[in-house]
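Survey of secondary and tertiary structure
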Amino acid sequence: MPQHSRTRPEPEGGRLALRGGDALVVVDVQRDFLPGGALGVPDGDAVVPVLNRCMELFLRVNLPIVLSRDWHPADHCSFRAQGGPWPPHCIAASPGAAFAPGLAVPEHAHIVSKATTAVADAYSAFQRTGLGERLRSLGCGRLFIGGLATDYCVLATVRDAIGEGFDVVVLRDAMRAVNVHPGDGARAEHDMTEAGAQLVTSKQLVGGGA
Ligand code: VGL
Ligand code: ZN
């Protein structure tokens, strides 16, 4: 029988025990968002080993793992040729849309593809994906979130998760920012906290009473 811990998370810097109802959400850790990719996030590859350790921890205590991926058609509205802000990136099934090399995607992970039609963009993993429903049906109440990029898809995912009623813990060392404007990443972290997310480092996580 799983033990559902009722204890509150320890104060900042303390250990945070995983429990039943937790899930890990890995946002858009794809080739095109790594340095050298079509829309490379500076130091983006640094999140790979950190998220691998997190996934291992969630796997060990049998908690759900979700990976979202940007999955655009070749004529997506966010691309410059269509008047959007970005170079073409994460074209569905192209090499750039693949998960980062070295990312240890678990066999039973839940994969969520987003912004899959030409006419709409979606930064959040919850936008038109059914992820909220899926997580609720799994009994999830608290989400641990990391990935790329802090100031776009991670921020939007954190906001929507809170809006959908989930408790959110953001893994600071498991995300990196694009920083189109200097300070965007720091502002995004501030906004996440304001929205009600708890910011921690992955080293605080322990596979406790789940
Ligand atoms: C993203 C820009 C465009 C992201 C996706 O995953 O943060 N950023 N599409
Ligand atoms: Zn995109």
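Since this is a predicted model, take the numbers as computed values, not measurements. (Residues numbered from 1 in each chain as written. Chains lettered and ligands numbered in written order. Predicted model: local features only at pLDDT ≥ 70, side-chain atom pairs only at ≥ 80, totals over all residues. Heavy atoms only, no water.)

Take the overall build of the protein chain next. Across its full length, the protein chain holds four helices and eight strands. Moving toward the C terminus, one meets the helices and strands of the protein chain in the order β-β-α-β-β-α-β-α-β-α-β-β. At 16 Å, the protein chain has a C-alpha radius of gyration in line with the 17 Å of a compact globule built from 210 residues. Counting only C-alpha atoms, the protein chain reaches 55 × 35 × 30 Å along its principal axes. Relative to its 210 residues, the protein chain shows a buried fraction of 50%. Contacts in the protein chain between residues at least 24 apart in sequence constitute 74% of all its contacts with a sequence separation of at least 6. Surface exposure of the protein chain reaches about 9700 Å², of which carbon and sulfur atoms provide 52%. (Helix = DSSP H or I, 4+ residues; strand = E, 2+ residues; numbered from the N terminus. Rg over C-alpha atoms; globule rule 2.2 N^0.38 Å. Buried < 20%, exposed > 50% of the residue type's maximum accessible area, 1.4 Å probe, protein only. Contact = heavy atoms within 4.5 Å. Areas by Shrake-Rupley, 256 points an atom, 1.4 Å probe, with all protein chains shown as cover.)

Around ligand 1 sit Asp28, Phe33, Leu39, Asp70, Trp86, His89, Tyr123, Leu148, Ala149, Tyr152 and Cys153, and those are all the residues in its vicinity. Residue Ala149 places a main-chain N or O atom 3.0 Å away from an oxygen atom belonging to ligand 1. For ligand 1, an oxygen atom lies 3.2 Å from a polar atom in the backbone of Cys153. Classifying every residue of the shell around ligand 1 by side-chain character gives eight nonpolar, one polar and two charged. (Near = heavy atom within 4 Å. Polar contact = N/O pair within 3.5 Å; in protein donor to acceptor, adjacent residues only side chain to side chain. Nonpolar A, V, L, I, M, F, W, Y, C, P; charged D, E, K, R; others polar.)

This next bit is on the coordination of the zinc ion (ligand 2). Summarising the metal site, the zinc ion (ligand 2) is bound by the protein donors Asp70 (OD), His72 (NE2) and His89 (NE2), whose distances to it range over 2.0 to 2.2 Å. If you look at the zinc ion (ligand 2), its four donor atoms make angles of 86 to 171° with each other, and the shape they trace is irregular. Residue class for Asp70 comes out buried when judged on its relative accessible area of 4%. (Donors = N, O, S within 2.8 Å, 3.2 Å for Na, K, Ca; no water. Tetrahedral: all angles 85-135°; square planar, octahedral: opposite > 155°, others 65-115°.)

Looking now at the packing of aromatic side chains. This structure, assessed with the given rule, holds four aromatic pairs. A ring pair is formed by Phe58 and Phe144, whose centres lie 5.6 Å apart and whose planes are at 70°; its orientation type is edge-to-face. Remark: Phe144 occurs in strand 5 (residues 142–148) and Phe58 occurs in helix 1 (residues 47–60); sequence separation between them is 86 residues. For the residue pair Phe58 and Phe144, the accessibility class agrees, reading buried in each case. Between Trp86 and Tyr152, the aromatic rings sit 5.1 Å apart at their centres with planes inclined by 85°, giving edge-to-face as the arrangement. With Trp86 in the loop between strand 3 (65–70) and strand 4 (110–114) and Tyr152 in helix 3 (residues 150–163), this pair connects stretches of sequence that are 66 residues apart. The residues Trp86 and Tyr152 share a single accessibility class, namely buried. In textbook terms, an aromatic cluster arises when at least three aromatic residues are bridged by ring pairs, as seen for Trp86, Tyr123 and Tyr152. Stacked on the ring of Trp71, the Lys or Arg Arg69 has its end atom at 3.7 Å from the ring centre. (Phe/Tyr/Trp six-rings, centres within 6.5 Å; stacked < 30°, edge-to-face > 60°. Lys NZ or Arg CZ within 6 Å of the ring centre and 35° of its normal.)

Our focus in this paragraph is helix 4 (residues 184–195). For helix 4, with 12 residues, the first-to-last C-alpha span of 16 Å sits near the 16 Å given by 1.5 Å per residue. Listed in full, the buried residues belonging to helix 4 are Asp184, Gly185, Ala188, Glu189 and Met192. The arc that holds every buried residue of helix 4, seen down its axis, measures 140°, which confines them to one face. When the buried face of helix 4 is taken as reference, the exposed residues oriented beyond 90 degrees from it are Ala186 and Glu194. Turning to helix 4, the residues buried within the fold contact helix 3, strand 6 (167–176) and strand 7 (198–200). The positive-phi residue at the C-terminal boundary of helix 4 is Gly196, with phi of around 115°. (Expected span 1.5 Å × (residues − 1). Arc of directions from axis to C-beta.)

What follows concerns the confidence of the model for the protein chain. On average, residues of the protein chain score 94 in pLDDT, and 93% of them reach the 70 mark or higher. Segment residues 1–6 is flagged for pLDDT under 50; beyond a separation of four residues in sequence, or across chains, it makes seven contacts in the model. (pLDDT = per-residue confidence, 0-100.)

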